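Here is what each chain is made of, one letter per residue.
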Amino acid sequence: MTITKILVANRGEIARRVFATCRNLGIGTVAVYTDPDAASPHVAEADARVRLEGNNGYLDSAQIIAAAQAAGADAVHPGYGFLSENPDFAAAVIDAGLTWIGPPVNAVQAMGSKIEAKKMMAAAGVPVLTELDPSTVTADQLPVLVKASAGGGGRGMRVVRELSALPGEVAAAQREAQSAFGDPTVFCERYLAAGHHVEVQVLADQHGTVWAVGERECSIQRRHQKVIEEAPSPLVERTPGMREKLFDAARLAAEAIGYAGAGTVEFMADEQGDFFFLEMNPRLQVEHPVTEETTGLDLVELQILVADGVRLDARPPAARGSAIEARLYAEDPAKGWQPQAGAVHRFDVPGRVRVDTGIEDGSVVSIFYDPMLAKVISYAPTRRQAATVLADALARTRIHGLRTNRDLLVNVLRHPAFLDGATDTAFFDTHGLDTLAAPLAGTDAVTLSAIAAALADAAHNRSTARVFGAAPSGWRNLTSGYQTRMYRNAAGDDVPVRYRFTRTGVELPDDEGVSLVSAVPDRVVLTINGVDRAFEVARYGDEVFVDSPLGPVALTALPRFSDPDDAVAHGSLLAPMPGSVVRVGAAAGDTVTAGQPLIWLEAMKMEHTIAAPEDGVLAELNVAAGQQVEVGAVLARVETPEGEQP
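Rules used in this analysis
Numbering of residues starts from 1 in each chain and follows the order in which that chain's sequence is written. In keeping with the predicted nature of the model, local features appear solely for residues at pLDDT of at least 70, side-chain atom pairs appear and are counted solely at 80 or more, and the whole-chain, interface and lining totals rest on all residues. Excluding hydrogens and water, the side-chain values take into account all heavy atoms of the structure. In this analysis the probe radius is 1.4 Å and the grid spacing 1 Å, with only protein atoms considered; a cavity is a set of points the probe fits into but cannot get out of, a pocket is an open set with protein on both sides within 12 Å along at least five of seven lines, and lining residues have an atom within 4 Å of a point. Grid points are joined across faces, edges and corners, and a volume is the space filled by probe spheres set on the points. When residues are sorted by character, Ala, Val, Leu, Ile, Met, Phe, Trp, Tyr, Cys and Pro go into the nonpolar class, Asp, Glu, Lys and Arg into the charged class, and all the rest, Gly among them, into the polar class. Each domain's extent is set by a domain assignment, obtained either automatically or from a database. Here a helix means four or more residues in a row that DSSP labels H or I, a strand means two or more in a row labelled E, and each is numbered from the N terminus. Here the nonpolar core consists of buried residues drawn from Ala, Val, Leu, Ile, Met, Phe, Trp, Tyr and Cys, with membership extended through side-chain atoms lying within 4.5 Å. Exposed residues in this analysis have more than 50% of their type's maximum accessible area, buried residues have under 20%, and partly exposed residues fall in between, with area computed by a 1.4 Å probe over protein chains only. The contact criterion used throughout is that any non-hydrogen atoms of two residues lie within 4.5 Å. Nonpolar side chains (Val, Leu, Ile, Met, Phe, Trp, Tyr) are joined into patches within 5 Å and like charges within 9 Å, using only residues with over 30% relative accessible area and no salt bridge. Where accessible areas are quoted, they stem from the Shrake-Rupley method and a 1.4 Å probe; at the residue level, only the protein chains shown are allowed to cover. Salt bridges are defined by distance alone: a side-chain nitrogen of Lys or Arg within 4 Å of a carboxyl oxygen of Asp or Glu. Axes here mean lines fitted to C-alpha atoms, for a helix over just the part in contact, with angles spanning 0 to 180 degrees between N-to-C directions. Note that the term roughly parallel is reserved for angles under 35 degrees, roughly antiparallel for angles over 145, roughly perpendicular for angles of 65 to 115, and oblique for everything else. Working rule for handedness: look at the near helix, and if it is turned counterclockwise from the far one by less than a right angle, call the crossing left-handed; if clockwise, right-handed. A pair of strands counts as paired when DSSP detects no fewer than two bridges linking them.

Chemist: Whenever I open this one, empty space enclosed by the protein confuses me. Can you help?
Modeler: Left-over empty space is what a probe sized like a water molecule reveals as it rolls over the atoms. Counting across every chain of the model gives two cavities of 30 Å³ or more. As a volume, the largest cavity reaches approximately 70 Å³. Lining the largest cavity, in full, are Arg-155, Arg-222, Arg-223, Gln-225, Glu-331, Trp-337, Pro-339, Asp-370, Pro-371, Met-604, Met-606 and His-608. Class assignment of the residues belonging to the lining of the largest cavity gives a composition of five nonpolar, two polar and five charged. In this structure, the lining of the largest cavity is formed jointly by two domains, domain 2 (196–437) and domain 4 (572–639), each of which donates at least three residues. Taken as a whole, the second largest cavity spans an internal volume of roughly 40 Å³. Glu-217, Ser-219, Ile-220, Ile-228, Glu-229, Glu-230, Phe-418 and Thr-423 together form the lining of the second largest cavity. Mapped onto the lining of the second largest cavity, the elements with two or more residues apiece are strand E11 (210–222) and strand E12 (225–231). The residue inventory of the lining of the second largest cavity, partitioned by class, reads three nonpolar, two polar and three charged.

Chemist: So what exactly am I meant to see when it comes to the nonpolar core here?
Modeler: Side chains that are nonpolar tend, in soluble globular proteins, to be buried together. Ranked by internal contacts, the top residues of the largest apolar core, which has 41 residues, are Ile-228, Val-412 and Phe-418. Of all the secondary structure elements, the ones that give two or more residues to this core are E12, strand E15 (322–329), strand E22 (372–380), helix H12 (383–396), helix H13 (406–414), helix H14 (416–419) and helix H15 (427–431). Broken down by element, this core gets its largest block of residues, seven residues, from H12. Those residues in contact with Val-412 that lie beyond four places of it in its chain are Ile-220, Ile-228, Phe-418, Phe-427, Phe-428 and Leu-436. Core analysis: the next-biggest nonpolar cluster, separate from the first, contains 31 residues, Ile-101, Val-300, Ile-304 and Leu-305 among them.

Chemist: I tried to follow a nonpolar patch on the surface on my own but got confused; where do I start?
Modeler: The grouping of Val-568, Leu-574 and Val-634 at the surface amounts to a nonpolar patch, some 210 Å² of accessible area in total. With respect to the secondary-structure elements, Val-568 resides in the loop between strand E31 (553–557) and strand E32 (572–574).

Chemist: Sorry, what's going on with the packing of helix H1 (residues 12–25) against helix H11 (residues 299–307) here?
Modeler: The axes of two packed helices give the description: the angle between them and the distance between them. The geometry of H1 relative to H11 is characterised by a closest axis approach of 9 Å and an angle of 65° between their N-to-C directions. Taken together, the axes of H1 and H11 lie roughly perpendicular to each other. You can see that H1 and H11 cross each other, and the crossing is right-handed. On the side of H1, the interface is formed by Arg-17, Val-18, Thr-21, Cys-22 and Leu-25, while H11 contributes Leu-299, Val-300, Glu-301 and Ile-304. Residues of the contact of H1 with H11, tallied by class, amount to six nonpolar, one polar and two charged.

Chemist: Please explain the sheet that holds strand E29 (residues 531–540) as it appears in this structure.
Modeler: Strand pairing in a sheet relies on backbone hydrogen bonds. The paired strands run either parallel or antiparallel. Strand order in this open sheet of eight strands is E26-E25-E24-E31-E30-E29-E28-E27, and the pairing throughout is antiparallel. The open sheet has two free edges, formed respectively by strand E26 (505–507) and strand E27 (514–520), since each of these has just one partner strand. Strand-to-strand, the axes of this sheet are offset by a mean angle of 35°, without reference to chain direction. Bridge analysis of strand E28 (residues 523–528) against E29 gives six bridges, and the strand direction is antiparallel. Across the sheet, Val-525 pairs through a bridge with Ala-534, a residue of E29. Set on the sheet, helix H17 (residues 443–464) makes contact with strand E24 (483–489), strand E25 (494–502), E26, E27, E28, E29, strand E30 (543–547) and E31; between it and E25 the angle comes to about 50°.

Chemist: Looking at this model, I keep getting lost on the domain arrangement of the chain. Mind explaining?
Modeler: By a frequent convention, interface size equals the accessible area lost on bringing the separate parts together. Taken as a whole, the chain is organised into domain 1 (5–101), domain 2 (196–437), domain 3 (444–558) and domain 4 (572–639). Computed over C-alpha atoms only, the centres of domain 1 and domain 4 are separated by 37 Å.

Chemist: Help me understand the sheet that holds E12 in this model?
Modeler: The antiparallel open sheet is built from eight strands, whose spatial order is E14-E13-E10-E11-E12-E15-E22-E20. Each edge of the open sheet carries a strand with a single partner, namely strand E14 (275–281) and strand E20 (354–357). Looking at each pair of strands side by side, their axes are set apart by 25° on average, direction ignored. The pairing of E15 with E22 spans eight bridges and is antiparallel. Paired with Arg-327 across the bridge in E22 is Lys-375. Where H12 meets the sheet, it contacts E12, E15 and E22, and its direction lies at approximately 30° from that of E15.

See the structure below:
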């Protein structure tokens, strides 16, 4: 092998994934990082690391190539996202005398523009959806999907159902595309509201061999970004002859552009198995682990070997079993998929599952990059078993700190329709996001978790007390009143806990049928109606996380007395996340209506709209375009007309 040291022009999970294969092959590694990523695990794991100037340094090809040369790398792996589909970057790497671990520049060029790629595929005989110019779309062609030509991952994508909304959505898609990929070009195509997103993993060497390794179904999506992926596809499994047609079309697409390396040909299919070319991604996909799990291949290793000139066997290994991947995001599905930023106190996934992640205990998730925390992958002989194993592992995962989509993932994996293979792109709309995003822990579980938190906190206080540490919390010689601890749950509801230690145990006057078995600062065992249940308790300042088989519960411990200065005036618009103000849609003093967009905030390369909570007047406006804001900041305040009740 001539490749001895690889620089990964990427960050987080994919950088760690490539480093893992490099270690297996005895290849040295180089990481690049920006200031927000300075303490990231991928930086610490590399043999050498080079700092990039600016938060957008991962998009600066000159800096990355200079880093490779300075660190003595002889090859560059682009990962996915950022510059992975940029032909100019691929050419610059080769011109610098480095090995490009990716397809030929002309193939990246051909597929780098989705507009031109669709034309090439149509000419090659691959079925496609007609590309539409946003400026010529008519009402008869609605609904349409606005798409970024240069990238993927759901960025720069908008569904438009009304012609009057098209200009604004195109402009928003262009801004997202420019921010994420450095290219604002967008186009439109007919929108299929309910279909199946099916893709084929291809791998080709430099000697003419092209593999169709296997297909994946990625139809469970939010904001046109995949959430759950699996191999094989349930649709393909139940449709006779579809797999052969898909594989033929994928190989035809790869051969049409002289492809080499790993790539994915993506199709949109209907329930009858008819499919249309969407795009070809000339890189590794986020969801590549499900193909690895069902074939036994290491796709990163094969990328490196192909770049080094190795020949592939005539045919790929046969797939077996079933694998499912769930993307764990720092976001709140119940609040419009709001991304979350901040510290991850604890991250631990139990069970026999694969975890590809860019975080660890103590990691900080910044506002500058994608909110994906990890990919959790299960493998089993059957699809149903793979789903139940993955759901169980996620339900038992300890995630302390940020809100995530974990509960949504578990609810989807356990849903009867998912288990039956009814997984089209309208899954969330069909089954209701409110239902699917519901907390795993019900009301009773929250109450019991709060009791456990209060008793664990009491045990903690006694264990750290300098005087009478052996005495129960609140103990008196004579009967005294109950102690009260107040918590706030994730929904914003107050959860009070009243208790009193006595000679015979703990009294819980509001919770008959619950008694204490044991309590230490990090673990409480309660008997509930004759059944013993254990609760693991972790606290980080005022944040309290309780994990049990009843479901994970996040609580905030409230002070005994509130500070009047902490009160927020009615009608205030608070920043739901840290981010940058893109634009402002009204001025102080303007009359506004409920639901009217007022502020556009960018975080994690996505735009988020903050609307007026009610009809009234914009009495305060505290931000301007370009301003950085912290989570919870008061951006503006809408005042209702005098005399009206909010």
